[in-house]
Amino acid sequence: MKIKTADIVISAVAPKQYPEDLLPEIAMVGRSNVGKSSTINTLLNRRKLARVSQNPGKTRTINFYIINKEFYLVDLPGYGYAKVSKTERASWGKIMETYLSTRTNLQEVILLVDIRHEPTEDDKLMYDWIKHFGYGTIVVATKSDKISRSQQQKHFKIIREALQMAPEDKIVPISSLKKEGIDKLWGAIEDLFSSRNLPITMEEAPK
């Protein structure tokens, strides 16, 4: 996909702050150290649009990025960071639950997991939660450059079994470091938009 424009519109903590233009939204969520900000920057071909922090757990709002003025990529708060208080974790959980349960123009929630490790209990709970709201057809496996290609299918199997993914659901390996897997992820998103007859121009980037 050719990214012509990508801008942050708002960092929201309540529905009254969500964009009002009703454009389709694709949300991304994952553990605090899974590489979500790096993935978003790589996906959008931007270096610092999503802030990459040395200290996990810094995304405490729902960040709305408008892409090509046609749809939003939505960055949900990270979870599973031990140094965050229970009260703060509960607050983030409420922010996400409100968004997931009320946002009518939300089309998909993509879970990010670390390809090197079996999904954690937090990952499993999040995926169950996403599935409860009718999403979760795409899972992104980050840091794919950390394992050999010959080992990827083995790790996909571990992820599928741990999350109890449906056979038709997709796992897309991503490496922000080597910028690999981006076209595959955009392809999966394009398939999703096409299946729902959404008027999105998925123009390919020049090779």
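Description of the structure in this document. The shown structure was predicted, so the numbers you read here are calculated from the model rather than taken from an experiment. (Residues numbered from 1 in each chain as written. Predicted model: local features only at pLDDT ≥ 70, side-chain atom pairs only at ≥ 80, totals over all residues. Heavy atoms only, no water.)

### A look at the pairing of strand S5 (residues 106-114)
Here S5 lies mainly inside the structure; 9 of its 9 residues are buried. As paired strands, strand S2 (residues 25-30) and S5 are joined by 6 bridges and run parallel to one another. Residue pairing in the sheet places Glu25 in a bridge with Leu106 of S5. Relative to strand S6 (residues 138-142), S5 runs parallel, the two being bridged by 4 bridges. Bridge pairing in S6 places Val113 opposite Ala141. Tracing the backbone out of S5, into helix H3 (residues 121-132) and back to the parallel element S6 gives a crossover that is right-handed. (Buried < 20%, exposed > 50% of the residue type's maximum accessible area, 1.4 Å probe, protein only. Helix = DSSP H or I, 4+ residues; strand = E, 2+ residues; numbered from the N terminus. Pairing = 2+ DSSP bridges. Right-handed = clockwise from strand over helix to strand, strands pointing away.)

### Focus on the environment of Tyr65
By secondary structure assignment, the location of Tyr65 is in strand S3 (residues 62-67). Residues Tyr65 and Glu25, 40 residues apart in the sequence, show an inter-C-alpha distance of 9.4 Å. Those residues within four positions of Tyr65 in sequence are excluded, and the remaining contacts are Asp7, Ile8, Leu49, Ala50, Phe71, Tyr72, Leu73 and Asp75. (Contact = heavy atoms within 4.5 Å.)

### A look at the sheet that holds strand S1 (residues 6-12)
Across the sheet, which stays open at both edges, the 7 strands sit in the order S1-S3-S4-S2-S5-S6-S7 with mixed pairing between neighbours. Every interior strand has two partners, whereas the edge strands, S1 and strand S7 (170-173), have only one. For this sheet, the mean inter-axis angle between neighbouring strands, taken without regard to orientation, is 25°. As paired elements, S2 and strand S4 (residues 71-75) share 4 bridges and run parallel to each other. Paired with Glu25 across the strands is Tyr72, a residue of S4. Packed on one face of the sheet, helix H1 (residues 36-43) meets S2, S4, S5 and S6 and runs near 145° to S2. (Axes fitted to C-alpha atoms, helices over the stretch in contact; angles between N-to-C directions.)

### Here we look at the packing of aromatic side chains
Tallied over the full model, the rule gives 7 aromatic pairs. Seen from their ring centres, Tyr18 and Phe64 are 5.6 Å apart, and the 50° between their planes marks the pair as tilted. With a gap of 46 residues between them, Tyr18 in the loop between S1 and S2 and Phe64 in strand S3 connect regions that are remote in the sequence. Judged by centre distance (5.6 Å) and plane angle (90°), the ring pair of Tyr18 and Tyr99 falls under edge-to-face. One end of the pair, Tyr18, is in the loop between S1 and S2; the other, Tyr99, is in helix H2 (residues 86-102), with 81 residues separating them in the sequence. Here Tyr18 and Tyr99 have matching classes, each one buried. (Phe/Tyr/Trp six-rings, centres within 6.5 Å; stacked < 30°, edge-to-face > 60°.)

### Focus on the environment of Glu25
Residue position: Glu25 is located in strand S2. As for Glu25 and Val109, which are separated by 84 residues in sequence, their C-alpha atoms are 8.8 Å apart. Not counting the four nearest positions on each side in its chain, Glu25 is found in contact with Phe64, Tyr72, Val74, Tyr99, Arg103, Asn105, Leu106, Gln107 and Glu108. A polar side-chain atom of Glu25 sits 2.7 Å from a polar atom in the side chain of Tyr99. (Polar contact = N/O pair within 3.5 Å; in protein donor to acceptor, adjacent residues only side chain to side chain.)

### Considering helix H5 (residues 182-195)
Spanning 14 residues, H5 covers 20 Å between terminal C-alpha atoms, matching the ideal 20 Å at 1.5 Å per step. Taken residue by residue, H5 has Ile182, Leu185, Trp186, Ala188, Ile189, Leu192 and Phe193 as its buried positions. Taken around the axis of H5, the buried residues stretch over an arc of 155°, which confines them to a single face. The exposed residues of H5 that point more than 90 degrees off its buried face are Asp183, Lys184 and Ser195. With its phi angle positive at about 55°, Asn197 sits one or two positions after the end of H5. (Expected span 1.5 Å × (residues − 1). Arc of directions from axis to C-beta.)

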